[in-house]
Each structure stands twice: as C-alpha cells, then as structure tokens.
Amino acid sequence: MAMYKGFRVLEKSKPPSPHSVLLEHRGKEETLLFESQAVAVLSLQETEAVKRSYTKILDAYGCLGVLQLNAGDSSVLYLVMITGCFSVGKIGDSEIFRITQTQFVPLHYQQNEERIIEVRKLLNSGTFYFSWYSGQTGGTPLDLTLCAQRRQKTSQTDHRFFWNRMLHVHLVRFDVDCSSWLVRAMCGSVEVRTVYVGHRKALAAVISRLSCERAGTRFNVRGTNDEGHVANFVETEQVIFLDNEVTSYIQTRGSVPLFWEQPGVQVGSHKVKISRGYEASNAAFDRHMAMIKERYGKQVIVNLLGTSVIGSKEGEATLSHDFQKHHKESNHSDIPHIVFDYHQECRGGNQTNLSKLKARVEQQLQEFGFYHSETNNTLAKQLQVMQLVDKKQTVSRFEEVFKQMWINNGNEISKIYAGTGAIQGGSKLMDGARSAARTIQNNLLDNSKQEAIDVLLVGSTLNTELADRARTLLPYNTLHAPQHVLREMCRRYQEYTTPLPIRIAVGTYNVNGGKHFRSVVYKDVSLADWLLDSHVINAGALVDLSHQDNEDSAPIDIFAIGFEEIVDLNAANIMAASSENAKAWADELQKVLSRDRPYVLVTYQQLVGVCLYLFVRPEHVPHIKDVAIDSVKTGLGGAAGNKGAAAIRLVFYATSMCFVCAHFAAGQSQVTERNADYNEITRRISFPMGRSLNSHEYLFWCGDFNYRVDMDKDEMKELIKLGDLETILQHDQLRKQQEAGNVFKNFLEGDLAFPPTYKYDLFSDDYDTSEKCRAPAWTDRVLWRRRPSFLDGGGGAGSGDEWSPGILLHYGRADLKQSDHRPVIAVLDIEACMVNPELRQQVFYQVIADLGPPDGTIIVHYEGSPEGEDNSIFDDNLMMALLQELTQIGEVVLVRFVADTMWVTFRDGQCALTAAAKKSVRVLGYDLTLSLKTPNWVEQAKEEVGLCSSNTVPLYTPSIQPEYNCLGIPEVNKAVPPRPGPPSRPPPPSKSPATPKRVVPKAGVISIPTRDVIPPEVPAPVLAQEEGSIYEEINDDVISRPEPQGPPPPPPRPEPVLPPLPQRAPPPVPARSAPPPPLPARPPR
C-alpha cells in the first residue's frame, strides 16, 4: 500500500472560545479533539455530531505529537504534523521516509510563530526519519531506533534515538494510544540500496542514529555531561537483509568524554578549553565508559584527534593527551586505545595510510564476536554468513555500494553537528568552501539551532525559577511533569532531603600583575598563611571560636579563590590575555591547599587579570553537577576586560551556589562607576537554561571592589595606629552605598576587624609612600547572601529560627607582602541539602496521587433505562443542571456524551478526584453515578516517566529467547495469526441492513467558554486556507470522510460504504442549532 496523506486536521469554523481542533485518521473511525489543552478520543457518533462545525485546514502524512512551550505558569500547545516527506527505501513491509516539511498547528488563539520557527527549521532540515507499515493490517512498522541485534532482544523503542518522545507525553496523559496516532522520529541518516545476487534481491543499508541524550551543535555542546552522555554520539549500523536473514555490524562514535569546550569565535583554529579540573572529570569519564561497556560489550577506542602540539591543532593534542591519561588511569584500561591522527595521516586525500590503522586494529577485530569473528574484513564475514561469497563480482558489488554509502553517511552526520559535509582532505577547494561555511554556521547561526534542539527535547520549561529549582532536586526523567507537580515537589523538598553542613572558604587577592609570583611561592611567607592558617595567625579576627575546637573533624569543603591583576593590565594583555599565569596559579594553589588533605580543581574562569578558582574535596566530586562559567567586561564601557568579573556556578548535592570574583573601577571619587559595574555584572552574567546570579540559593562575591574611605588619609593612618577602625568604617563607601540600597542589597559581610588592605608599599608594612600617596581603604571584600526560595513564601527554608543565611567563622586578612594589596579570606558554615532517592520517589508518586489524574476527566453514567429512541437522557435541562452542580467543584473545560454516558473534563485533576469522591449525584430526578475515567493514573504516570528514562537493552548479553526464529527482521512478530480477521469480516455486511443498526445513540460535544476569552483573530483561518492551498483541494470538505476510505484498503471498506447513509440522519438532533434540511440533499453520492 502506497503512502498517502492519511491525516486531516480540522479547525472550528466559527471560532468561539475555546479554540478547538479535530484530527482525523483515514484508517480509524475515532478522531482526536484538542480543546482547552485537553485531548479527547471521539467516537464515530460524537464526530458526526460536531464535524460540520469544523473546516479542514490541512492534510498530512503523519503526526509527530504535541509540542508544549511553557512561559511562566501558562503554556501553549502546537500539534506537529508531517506535511512533506519522501521515501528513502523499503525494508520488508516497512517503508522509511525522510521528513522534509512540517506544519505546527496552534491549539490556542494567540499565534506566536516566532517561538517555533527554529524548531520547524530543525525538523525540516532533512535529518529526521520515520517508518510506515505498508503490509497487511495488524503489523507494526520497522523501529528505526533499534539495530538488528537489539531488535532480536526487545521490541521497545530505544529512547536514546527517539527524538519526539516529549511530543508524545501530552497525549499519554490523556490515555491516547500513541502507537496508532503518532510516529516515532529518529535523527540521523538512512540509506538503503538494492543489490541483486543472481535471482535473489538483497538490501544493503547504512543507518546512523544520533543520540538525543546530549544533543546540540558543534560549538555549543562538546564533551560529556555529568551523567556521562557525550555530544554527537552516533550509532551506525551496516546491515544486509536477504530473504529472511539479516546481518549487521555496529560502530559508535562520539565526543571525547571529558569536560571541554571551544569558547569564543573559532575561525580556522581548534581552540580547546578543558572546562573541569583533571580529577573533577574522573566521575563523568567513568560513568561514560561503564555505560558504553554495558551497552555494547567488548570494543576498541580509535582516537582520531590531532597529536601535534604546534600550530592550530595544539588544543586537539592537549585534549587527546588528557583522554589517554584518563583512560590509562581508569578502571577501563582493558579497552584498547589506538591513537591515529587522521587529518595528518590522510592529508591531501591520501587514503592509503588507512592501512596503518587497519593493521593496528586487526588484533582487536579478530577477538570480537559473531559480527566480526576471525577475519578483519567485516563485510566479507557478513557476506560469508549469508553464503554470498561464491562470486567475486558479488563481493565487489557490495563493497562498492557500502563504500559510497559510508561516504554519504559521514556527510549527513557532519551536517547535523557541524552544518556542512565532512572535510575529507581530497579536494582543497571543496574542503575550503566547507570550512568557510562552517565558520559562518557555527559562530553565527548555531545558537538559534541549539535553542530549537532544547525546545524539541525538553520544551522551554527549564527557563523558569520553578524548573531551575526542580533541576537541583529531581532526576532528569521527571522534569517533564506538569508544573503543579513540580511546584508541589519543590514545596515538599524537606520530606526527601536531609541537611548537609558545608564549610566554605572564599578568598580574594590582588597580586599586582602577578610579577611577584615566584616570591610569593618561594619566600618564607607562604600562601598557606592566607588560605589555611589565617584564622590561627589572626586569632583576634575570629568571630566564633567554638567552631575551631574540632577543626580536624570539620575541614573546609569548598575553596573559592579569586585573584585580580594576575597579568599586567597593559594593552596587549587586555586584548589577548595569556593563560599561563592562570595555569601556574592553579597548580600552585592545589599544592598549597592539599597540605593537610587533598583538594581537586573543579574549574576556573579567567577574564584578563581577574581569575576565579574552585577547589573541593575529592569525595564531593561525584555530587557536583551543572557547572557553568561566565564573565563580563566592564572596562571602557564594557569593551575591555581590564575591569569586570568572572563567575562560576554549580549544584552541590541538591543546592545551587554561585561565586563571583570582580574588579571594579578604581579612583577615590568613582563611586557611581563602581555602582554601575556592580549592576552591569549582576544584569549581564547568565548561565545555561536562563539562569542568572539571583537564581541561586547561595551567592558569594569577592574581589577588589575598589570602594575607598571618605576621610583624610593622615587622620586615617593615625586612627589605624590607635586601632580605632570603627570610626573609619563610618566613612566606608561600600557600607554607605549598601545602606542606601545601591549595591549588594540583602548581602551580608563580617565585621572588618582588620586594618585596611590597600595600599601598601611592596614588601613593607607601610601604607603608600609614593608621590600619589593613596589613602588606605578596605578595597578587598567578601560578601554573601542566601536567597529564600519563592516556594517558601520568602521566609526561607524551614520555619522560624531554623532558616539561617550561614554562620561566619572567620573574616580576616593575611600579611603577604608581595603586592600592594593584602589578601582577604572568609570562612563560613552553610547548610546544603542532600536528596534521598528512595524517599524522593515515594513523595513523587504520592504527589501524583494527591493531585489526581492528569486528564481531569470523570464519567457520568445513568444507571436506569434511557427513555426515547436515541437511548439518551441528556437533554438541555439536565446537562445545564448537571454542569451547575459540577462547576461548584471546579472549572469544567469539556463535556462529551454518547447515549447514557457523559465525560466531563475539569481544568485540573484534583477537581476530578473531588467529583469522583461523591460517587453519585441526583439531578432533576435522575440518579447519576460519577467515576474517574483513568482510575490507574499513578501507574500511567510511571509509564510516562519510563518514556523519559533510558531503556537501552545491552547487546552483548546472550539471548535466551528461543521464540525468535530470525535475527531481527521486522516481520519476526506474530503478525500472521491476526490474519483470521478478514475472513470473519464478510458475515457482518450481510447483517448490516438489519434493524439494530438503525438505532443510533444520541451524541454530542459541548464547548465550555474559558474564563480568559481572547477575541479570535481573522488571520487564523486565512493562514489555514493559505497553507491548505498546497494540497489538492478538489473535493468538497463536507464529503471528505467517505471518499478516502474506499480506495486504499479494500477489505475493511466495502461494508462501511452503505452504513454511513442511514447513520447520517441522527446527527442533526444533537447539533441543535443546525437545521435538518441539508441532510436529504446529501445521499446522492
């Protein structure tokens, strides 16, 4: 059966509130009604009752699902239809199609096309595929997400390659059978070719599946994430189908499983930044390798990165070296690691050097399993298994076909990630053109494409404060839950979390250009005097001595150390600052901090002279996630980085925190400029998923803020000698600006019990004696704030005295004399929270149960015998009286009825629970029973969570399922037994003229006006007409239903051709406003 436009979308002709859309499937009697964000499966009687008030807007080949975009507490829905596709080949009874055109049908009046233009471009890019079953009824299409070997073990779709699974969620909540209404889309590349072997026909295919676990574009998504999923992970299958046999070979590729990125504009270079410290990458690296071994079994790593440490490939070589080092020191060194610099070895299209790679992997290929076996020629082995090696011509034919298909496959996969075909080194002209195209695409256009990928895979739900809080507390596979569920889970977080005391040290030091780095390290005075022993040396500065008694039992968990002027702020450094000083400081800091116990570098961020480092104890590394960095320039009006800030954010266990190191404008009187720097940094610093500085629970600022003291310098020096610091502090600019609410609102700072930290003569205890003779000031400061969650009503986490912004243990300075500033450090105890996964799961499903079924629908049933010929008791009076009764419980958005049964949908599930708890109600003398449409909604929620969870079946476990009699051909399912269906069909037509068919139950659908009525815009139907004009619109819309049902499937349709004629008489009864005269004119067909 050929593919045809079997779906039809209709929209309400007279658009009253609410907006209503109907979806028809030619092979089904039921239709789907989308109204008031609810979905209902309408029976044939209901459809006929309401259909004449709808107008067709488009025909489509398939439906991908419903895209949900959340904006605050409101959400908008789009029905995503496939309106253009073409066949790339047929495997068995399944035909594979590439999607070329999609249409987004808004399920609301406000049409905000800008939000989905990029998503539509992504789906129309020609990289998405779906399969369609063209055999006899009862069969299922080939699942493109499963390779042949995995298809033998399971029939469940592999969620790694199921790209539109989030579009299925909305229909799953309303108990719609997605397998019969929606298609499953895979992103990647599919090419199928026919190869004739004598009188037999074989199919050769190369199928690449791009994982959606860490999807993105080239410069936006690199390396691994905290779960161990890598960017651009592709599973490629070389498969041959012949009669009832299949043989396949699997190869995987992906980004290097470390934390790395390519920041800034990349033009012809390979700048690589390792974004996490070496030890901080171990946990994610180990997760990735364990996951790959579990899913694919024995394998070999082929590292194709560059190895030259000179030139533009220096970053690649560093990354390759770190990859090899991690692998060697991990528990996965049993996997062979082969380094082959592809672009160097095959420069100028010299493919003969690939024989070197072949020789190096030959031993591993011989050790592999069935598909690789004892020969290193995988294709020859595949052909040998199928007894196709009799003729040399046959082998060469397959080799030629697969060679071209692998080249095409490489180009297709490269287009998805990099925007152009692969750079192969064969043609300098073509490679140059592709490099130029990549530069434009990756640097200018990929950000919008990345946003489209995020919207498609997770929706825009993660840009809200609620969703950000949910991300810190909940696992990724529950983040799709409705907003009221997420809100309730965040409100009840104390039920599944336990407090975790954390000790944090935040330090700042202006090192005056970093020139005295060696003197800092090698002189008698050490950095340890500042970072580790400051509280001992300056005991008078301790705020709370009781915490220091058991210091060994409570070591510092996190060190955040900020530096200013680690390079000279000259013109050359401002334009392109060297990172050598930053790396040297990182190494030295780790040595100093690890004096008593080990510490590891999480990450650091440099902005010219400002540099912020984050160190933690090793045992905390596996519990750190969502690390991100950013920086803001404020020098010269935001154009230069001589002034500005560097920021690092992370989630520590289940608590979000952010650290900022800043360097504000200098000068005694530049208070306004410093305030402007603070406000500009606060406004402009942003992190992925729409996070800002203020969206974190804990926020720490440190740095050289340059706020001075408005007092005569000689008088100040005298008061400092006398130890009268309080008098000086009354004139401190920062405190005055903070009290005025201009900067650092609601931030805390310890008592300044130490002398001003600026400005000293080098290697001296004397304040500035130069010609400028600057006045002393506390320019170097540390402030912090804990933000109460909006879910706590602003009162903080917990109630009453339980909530604490943190306890300051020490705030002091160290006398390191190698700079004109003195370093400052603050030590605090804060409270983080740690999640108990088992309790969290219990609370989650308890919340689901408390909030009721997501479809919010109850069934109203009349137990007595209906009166009248239409078997219905629901007239206008009864329905209005019943609705008045139910609207006292909650807002009703949709009402449907057939005969003596009515379905009432509420706005939320709790109202449905309340209504169903009544069990019965008496209205106008009729006793009606009330029950839930979906009583097992909690189990259904578990299935929904499963749809968003990883479900990959391992390949290498031995199959113990003897009922499979082939190697994964799609027709392996028992589709033949249901074939008795057609023979049993002929008897019903003979009975069709009988009298029972004449009694058609009364049916109808009642639209309930919503509270926020938005006047319908006329352009909506005009747009629909415009888009509908693409298709052949020769037939009249009203008779659209009977006509397409005849031609495609002959067996089911002969009998329905006659029944529709008598069935068309009853619909005028429920359609109360429609006059009956048009019906008699309808029978002539």
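Residues numbered from 1 in each chain as written. Predicted model: local features only at pLDDT ≥ 70, side-chain atom pairs only at ≥ 80, totals over all residues. Heavy atoms only, no water.

Looking at an unreviewed UniProt entry, one finds the chain named phosphoinositide 5-phosphatase and attributed to Ignelater luminosus. The record in UniProt for the chain states the following under Catalytic activity (unreviewed entry): "a 1,2-diacyl-sn-glycero-3-phospho-(1D-myo-inositol-4,5-bisphosphate) + H2O = a 1,2-diacyl-sn-glycero-3-phospho-(1D-myo-inositol 4-phosphate) + phosphate". (UniProt positions renumbered as here; feature names shortened; annotations may be inferred.)

A. Structural detail: the nonpolar core. One finds Ile-504, Ile-558, Met-657, Phe-659, Phe-700 and Ile-728 to be the most contacted residues of the largest nonpolar core, which totals 51 residues. Counting residues per element, this core draws most heavily on strand 30 (residues 824-835), at five residues. With residues near it in sequence (within four places) discarded, Ile-728 still touches Val-709, Met-711, Met-716, Leu-719, Ile-720 and Trp-778. (Core = buried A, V, L, I, M, F, W, Y, C linked by side-chain atoms within 4.5 Å. Buried < 20%, exposed > 50% of the residue type's maximum accessible area, 1.4 Å probe, protein only. Helix = DSSP H or I, 4+ residues; strand = E, 2+ residues; numbered from the N terminus. Contact = heavy atoms within 4.5 Å.)

B. The environment of Ile-889, seen in detail. Structurally, Ile-889 can be placed in the loop between helix 25 (876-887) and strand 32 (892-898). Residue Ile-889 is classed as partly exposed on the basis of its relative accessible area, which comes to 21%. A sequence separation of 21 residues divides Ile-889 from Gln-910, and the C-alpha atoms of the two residues are 9.5 Å apart. Not counting chain neighbours up to four residues away, the residues in contact with Ile-889 comprise Phe-906, Cys-911, Thr-914, Ala-915 and Lys-918.

C. The sheet that holds strand 30, seen in detail. Ordered by their spatial adjacency, six strands build an open sheet running 20-21-19-18-30-29, and the pairing between neighbours is mixed. Of all the strands in the sheet, the pair left with one neighbour each is strand 20 (600-607) and strand 29 (807-813). Strand after strand, the sheet turns through a mean of 20 degrees between neighbouring axes, direction not considered. Bridge count for strand 18 (residues 497-510) against strand 19 (residues 558-564) is seven bridges, and the pairing is parallel. Bridging from a neighbouring strand, Val-506 pairs with Ala-560 of strand 19. Lying on the sheet, helix 19 (residues 580-593) is in contact with strand 19, strand 20 and strand 21 (610-616); it crosses strand 21 at an angle near 30 degrees. (Pairing = 2+ DSSP bridges. Axes fitted to C-alpha atoms, helices over the stretch in contact; angles between N-to-C directions.)

D. Region of the structure containing the packing of aromatic side chains. Enumeration over the complete set of coordinates arrives at 30 aromatic pairs. Here the aromatic rings of Tyr-698 and Phe-700 are separated by 6.3 Å at their centres, their planes lie at 10 degrees, and the arrangement is stacked. Both residues of the pair, Tyr-698 and Phe-700, count as buried. Three or more aromatic residues link up through ring pairs in this structure, and these residues are Tyr-509, Trp-530, Phe-563, Trp-585, Tyr-604, Tyr-613 and Phe-615. (Phe/Tyr/Trp six-rings, centres within 6.5 Å; stacked < 30°, edge-to-face > 60°.)

E. Expanded view of the packing of helix 24 (residues 837-851) against helix 27 (residues 937-947). With their axes 9 Å apart at the nearest point, helix 24 and helix 27 run at an angle of 130 degrees to one another. The pairing of helix 24 with helix 27 is recorded here as oblique in orientation. Read as a crossing pair, helix 24 and helix 27 show a hand that is right-handed. Residue-level inspection shows Phe-844, Tyr-845, Ile-848 and Ala-849 of helix 24 in contact with helix 27, the latter providing Trp-937, Val-938, Ala-941, Lys-942 and Val-945. Broken down by class, the residue content of the contact of helix 24 with helix 27 amounts to eight nonpolar, no polar and one charged. (Parallel < 35°, antiparallel > 145°, perpendicular 65-115°, else oblique. Left-handed = near helix turned anticlockwise from the far one by under 90°. Nonpolar A, V, L, I, M, F, W, Y, C, P; charged D, E, K, R; others polar.)

F. Focus on the pattern of salt bridges. Summed over all chains, the structure comprises 45 salt bridges. Notably, a salt bridge pairs Glu-495 with Arg-492, separated by 2.9 Å at the nearest N-O pair. Linking Glu-939 and Lys-942 is a salt bridge whose minimum nitrogen-to-oxygen distance equals 3.5 Å. One end of the pair, Glu-939, and the other, Lys-942, are both in helix 27, three residues apart, so they sit about a helical turn from each other. Connected through salt bridges with shared partners, the residues Arg-150, Asp-158, Arg-160, Arg-209, Glu-235 and Glu-237 form a single ionic network. (Salt bridge = Lys/Arg side-chain N within 4 Å of Asp/Glu carboxyl O.)

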